[in-house]
Amino acid sequence: MTEPRTYTGGCHCGLVRFECTSDLATVTACNCSICTKKGLHLTFLPPSSFTLRAGGDVLREYRFHKKVIGHQFCAECGTEVYANGAMPDGTPIVAVNVSCLDGIDLAEIKMRPHNGRAD
Ligand SMILES: [Zn+2]
């Protein structure tokens, strides 16, 4: 999976829908507290590669720790779809939950471990 392509995706109940463009070359398996509890596997994209198509009104935001990352989840089904944040240099970034991509099979994705517990 090295060619960028456009994926559609959404939450479990379907209220939240999005499109994103990614090569899925770097999917992070992070061991921080929220990724562990939610089972998140994230790919990090520039905001221009992510478009929310539906469900903006049902999204709820969760912030913790330094409160720099806005975790966006569906108020109906509870699925975390993506998160808003910024790189250390301030560049805005969107972290998409790859489990929300339509037709994705996690077993076929190469994961890069990240020691988020140390952050
Ligand atoms: Zn939902």
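Residues numbered from 1 in each chain as written. Predicted model: local features only at pLDDT ≥ 70, side-chain atom pairs only at ≥ 80, totals over all residues. Heavy atoms only, no water.

Enquirer: Break down the sheet that holds strand β10 (residues 111-114) for me, with residues and values.
Expert: Hydrogen bonds between backbone atoms are what pair the strands of a sheet, whose relative direction is either parallel or antiparallel. As summarised here, the arrangement of the 7 strands in space is β6-β7-β8-β9-β4-β3-β10, forming an open sheet in which the pairing is mixed. Looking at the sheet topology across the chains shown, the edges are occupied by β6 (59-62) and β10. Across the sheet, the axes of successive neighbouring strands diverge by a mean angle of 30°, strand direction being ignored. Pairing analysis gives 4 bridges linking strand β7 (residues 70-74) to strand β8 (residues 80-86), with the strands arranged antiparallel. Directly across from H71, in β8, lies its bridge partner A83. (Pairing = 2+ DSSP bridges. Helix = DSSP H or I, 4+ residues; strand = E, 2+ residues; numbered from the N terminus. Axes fitted to C-alpha atoms, helices over the stretch in contact; angles between N-to-C directions.)

Enquirer: Outline the pattern of salt bridges, supporting the account with residue identities and numerical values.
Expert: Inspection of every chain in the model, using the stated rule, returns 4 salt bridges. With a closest N to O distance of 3.2 Å, R53 and E19 form a salt bridge. A residue pair is termed long-range when its members are at least 10 positions apart, and R53 in strand β5 (residues 50-54) and E19 in strand β2 (residues 17-22) qualify at 34 residues. Between E61 and R63 there is a salt bridge; the shortest N-O distance is 2.8 Å. What makes E61 partly exposed here is its relative accessible area of 44%. (Salt bridge = Lys/Arg side-chain N within 4 Å of Asp/Glu carboxyl O. Buried < 20%, exposed > 50% of the residue type's maximum accessible area, 1.4 Å probe, protein only.)

Enquirer: So what's going on with the coordination of the zinc ion? Residues and values would help.
Expert: Looking at the zinc ion, the protein donor atoms are C11 (SG), C13 (SG), C74 (SG) and C77 (SG), and they sit 2.3 to 2.4 Å from it. Relative to the metal, the 4 donor atoms surrounding the zinc ion lie at angles of 104 to 115°, and the coordination shape comes out tetrahedral. By relative accessible area, C13 is classed as partly exposed at 36%. C77 gets classed as partly exposed once you look at its relative accessible area, which sits at 28%. (Donors = N, O, S within 2.8 Å, 3.2 Å for Na, K, Ca; no water. Tetrahedral: all angles 85-135°; square planar, octahedral: opposite > 155°, others 65-115°.)

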